[in-house]
Amino acid sequence: MELKSKELFKNTLDSLIKIGEDCSLNTQEAETLNVAVNEMPLLVPVVGEFSAGKSSLLNNCIGKKILSVAMTPETALPAELYYSENEYDEGVRADGSTERINDLTDAAKKYVCVRRYINSDFLKNIQPLVLVDMPGFDSPLDAHNKAIFNYLDKGSHYVVITPVDAGTVSSSMAKQIENILAFGKDCTFFVSKTDLRSEEETTQVVEEIASELEPIVGYRPQIAKLSQNDVSLFNTFAASLNPDELFKKQFLESVKDECYSTKASLNTKIAALRNDKEKNRRAVEELKESLEKINAKKEKMIDAAKSNGYTSEADSVANAVGSALNAELDTLVDIAANSGKEALSEEINSIVQNTVVSKIQTVISGVSARFGQELSGEIKNLSDILVEYNATEVMQKLQGTAESLFDSAKSAIGNWSKDRVMMTDGEGQGGGKGGAYKAITGILAAATEIFSPVVEIIIIMLPEILNFIFGKVQESNKREKIKESISSQIPSIKRQVREKVVQVLKENSEAMITAISEKFDAELSKKQAEIEEAMQRSENESSITERIALYEENIAKSEKLLEAIL
């Protein structure tokens, strides 16, 4: 599929790399991003309500019965669907390594997902989109959580399918959508199996679902209709996803950053060429000292984080979980009385998951912002120097480092670049071009690593809690007794959440500090190198005026490139 935005971004980055080569700039990040623009697939997880016909729908799109439509072990794993003339399957381990597999029966025990390479015109034509067949709502509860969590910082967009005979969006699906949106992702909505209802009935269902989704997504969404026997299924599906817009959203901010970065680097070099040798020497020394301060501060912060109790952060998450469960207590009582253990388990898990995902974002953002502020405090002396070198945006960028590291689109690019390095050099040490995006994966990945085990601890403890509750239910069917038994377990849930939040924050604090400090190191080292290169040129070149004119000419080019993509 030809995408205008892809061609535009590729040409923009090619031009920025050429400017960098002509002006002796570091083009590593631009080159890494250019590879991603050309090769990175845009993962689109497909989530289906119970009996949505998701796998049947995807099989019809693919043109062959590849995906199991029954409840089998492999359906508990996400399956990424790639186009390939040669068909084969790969298992992806938790560390990102892969191996070819011939039997998917035990895949869920070994891998976090499978990649299925299929010879299909549909998959070929929607490239660079890669659909991900997510575990259905009839899969084990922990399969939903792990699948959703695994793709929050990798997926570009989500497809949500509700069967027309459901007539409504389930409570569990509504909460999953809220989780997806909380991570900055968007959704496209479909109603499936429309051939099972009349046009009038289908329209009524679509209107009802749109009304239910409006308060969740903040606008009244367009909902496409899908009939499993529709010969125009591919066109409906692909057009509704709008691949060009998805691609633009994925890469626009990163390409803009490269335009701004190129302009800033050229301005710094111009300032250095105009300054005298002694002034440049002092600036380089100040930058070197700041890098040493950042490294020393990082080590102190890591040591301090190990002894931090994270009491207030853990309390805020645990109290939010307790409040959410208490607010839904009457609903939980109804479910316990009328629908049984499994339904109550799903509802409690859904409430906890939704609360933890939304709250942990705030907690991690606060913790990482505090880390960023501490590091910024070590280099306050650089403000005046950066002003002199037309680099005021560097300090602003560093002060906003923690916030920028939560950008889900950039995190997805970073994850893909990191995995690509692992596949090409077998090491994944960040020494190659993929290392340029290493830091931006840290904070968002830390967030997913934090709330995933917090929610999983609830799944582990739920059987004990439910046994207690249903022991009371069997003793008495009175609502007050049921309510009392559920309410009595909320403190236990809060305690488990609190303990787990403290544990995972301690375990991940070093990764967060390292990710932020790496960004500081990269930006300051870049400025140091630019000033040093300009110093060398001023000593060896006779015509500084011509060099400045070259830089100014390329600043104008970078500004035009930026205008073209806005």
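Structure: above.
Figured I'd write up the structure that's included with this text. Only a predicted model underlies this, so the values are computations on that prediction, with no experimental measurement involved. (Residues numbered from 1 in each chain as written. Predicted model: local features only at pLDDT ≥ 70, side-chain atom pairs only at ≥ 80, totals over all residues. Heavy atoms only, no water.)

### Section: the sheet that holds strand 7 (residues 158–163)
Here is the rule we go by: DSSP-based pairing: two strands are paired if at least 2 bridges between them are found. Per the convention used, a helix needs a DSSP run of H or I reaching at least four residues, while a strand needs a run of E reaching at least two, with both numbered from the N terminus. Here an axis means a line fitted to C-alpha atoms, over the contact stretch when the element is a helix, while the angle between two N-to-C directions is reported on a 0 to 180 degree scale.
The strand order across the open sheet formed by nine strands is 4-3-5-2-6-1-7-8-9, and the pairing between neighbours is mixed. Sheet topology places strand 4 (98–101) and strand 9 (223–225) at the edges, where each strand pairs with a single neighbour. Adjacent strand axes in the sheet meet at a mean angle of 30 degrees when their direction is disregarded. For strand 7 and strand 8 (residues 187–192), the ladder comprises six bridges, and the chain directions are parallel. Residue pairing across strands places Val159 opposite Thr188, the latter belonging to strand 8.

### Section: the packing of aromatic side chains
The condition that has to hold: Only rings of Phe, Tyr and Trp enter the pairing, Trp through its six-membered ring, and a pair is recorded when the two centres are within 6.5 Å. The plane angle decides the type: under 30 degrees is stacked, over 60 is edge-to-face, the rest tilted. Per-residue accessibility, obtained with a 1.4 Å probe over protein chains only, is compared with the maximum for each type, and a residue is labelled buried under 20%, exposed over 50%, and partly exposed between these values. Here, over-ring charges are defined by two tests on the NZ atom of lysine or the CZ atom of arginine: distance to the ring centre within 6 Å, and angle to the ring normal within 35 degrees.
With the rule as written, the count across this model stands at four aromatic pairs. Relative to Phe247, the ring of Phe9 has its centre 6.4 Å away and its plane inclined at 25 degrees; by these criteria the two rings are stacked. Taken together, the positions of Phe9 in helix 1 (residues 4–22) and Phe247 in helix 10 (residues 243–274) put the pair 238 residues apart, joining distant regions of the chain. The residues Phe9 and Phe247 share a single accessibility class, namely buried. Relative to Tyr117, the ring of Tyr88 has its centre 4.4 Å away and its plane inclined at 15 degrees; by these criteria the two rings are stacked. Of this pair, Tyr88 sits in strand 3 (residues 88–92) while Tyr117 sits in strand 5 (residues 113–118), and the two are 29 residues apart along the sequence. Judged by its relative accessible area of 14%, Tyr117 falls in the buried class. Grouping aromatic residues by their ring pairs yields a cluster made of Phe9, Phe247 and Phe251. Cation over ring: Arg100 sits above Tyr88, and NZ or CZ is 3.7 Å from the ring centre.

### Considering unusual backbone geometry
Omega for the peptide link from Gln127 to Pro128 comes to 10 degrees, which places this bond in the cis form. With respect to the element layout, Pro128 can be found in the loop between helix 5 (121–125) and strand 6 (129–133). One non-glycine residue, Lys193, adopts positive backbone phi at about 60 degrees. Looking at the element boundaries, Lys193 is found in the loop between strand 8 and helix 8 (199–217).

### Points about the pairing of strand 1 (residues 42–48)
Along strand 1, seven of the seven residues are buried, which leaves the element largely enclosed by surrounding structure. On strand 1, burial covers both faces: Leu42, Val44, Val46 and Gly48 on one face and Leu43, Pro45 and Val47 on the other are all buried.

### Quick look at the pairing of strand 4
Inspection of the sheet shows strand 3 paired to strand 4 by four bridges, in the antiparallel sense. Residue pairing for strand 4: Glu90 is matched across the bridge by Arg100. In sequence, strand 3 turns back onto strand 4 through a hairpin of five residues, with Gly96 there showing a positive phi of about 95 degrees.

### Remarks on the nonpolar core
Where we set the bar: Each nonpolar core is a collection of buried residues, namely Ala, Val, Leu, Ile, Met, Phe, Trp, Tyr and Cys, held together in the definition by side-chain atoms within 4.5 Å. Between two residues, a contact is recorded if the distance between any of their heavy atoms is within 4.5 Å.
Residues Leu131, Phe251, Leu325 and Leu344 are the most contacted members of the largest nonpolar core, which totals 123 residues. The element best represented in this core is helix 21 (residues 490–540), accounting for 14 residues. Beyond its immediate sequence surroundings of up to four residues, Leu131 is in contact with Val44, Val46, Leu58, Ala79, Glu80, Leu81, Phe122, Ile126, Phe237 and Leu241.

### A closer look at the packing of helix 12 (residues 311–327) against helix 14 (residues 341–377)
Operational definition: Roughly parallel means an angle under 35 degrees; roughly antiparallel means over 145; roughly perpendicular covers 65 to 115; every other angle is labelled oblique. Should the near helix be turned counterclockwise from the far one by less than a right angle, the crossing is left-handed, whereas a clockwise turn marks it as right-handed. Three categories are distinguished: nonpolar for Ala, Val, Leu, Ile, Met, Phe, Trp, Tyr, Cys and Pro, charged for Asp, Glu, Lys and Arg, and polar for the others, with Gly belonging to the last.
As a packed pair, helix 12 and helix 14 sit with axes 9 Å apart at the nearest point and diverge in direction by 155 degrees. On the basis of their axis angle, the class for helix 12 and helix 14 is roughly antiparallel. The two elements helix 12 and helix 14 cross, and the hand of that crossing is right-handed. Each of Glu313, Ser316, Val317, Ala320, Val321, Ala324 and Leu325 in helix 12 lies in contact with helix 14, whose residues at this interface are Ile348, Ile351, Val352, Thr355, Val356, Lys359, Ile360, Val363, Val367 and Arg370. Class assignment of the residues belonging to the contact of helix 12 with helix 14 gives a composition of 12 nonpolar, two polar and three charged.

### Observations concerning the packing of helix 11 (residues 277–307) against helix 21
Between helix 11 and helix 21, whose axes approach to 10 Å, the crossing angle comes to 170 degrees. When the axes of helix 11 and helix 21 are compared, the pair comes out roughly antiparallel. Classifying every residue of the contact of helix 11 with helix 21 by side-chain character gives 13 nonpolar, seven polar and 11 charged.

### Remarks on the side chain of Glu80
Note the cut-off: N or O atoms within 3.5 Å of each other form a polar contact, as long as, within protein, one can give a hydrogen and the other can take it, and as long as residues adjacent in sequence are counted only when both atoms are side-chain atoms.
Position of Glu80 among the secondary structure elements: in strand 2 (residues 79–83). Residue Glu80 is classed as buried on the basis of its relative accessible area, which comes to 1%. For Glu80, the side chain forms a polar contact with the side chain of Tyr82, separated by 2.7 Å. Side chain to side chain, Glu80 and Tyr151 meet in a polar contact 2.7 Å long. Here Glu80 is in contact with Leu43, Cys113, Val114, Arg115, Arg116, Val130, Leu131, Val132 and Tyr151, once residues within four sequence places are set aside.

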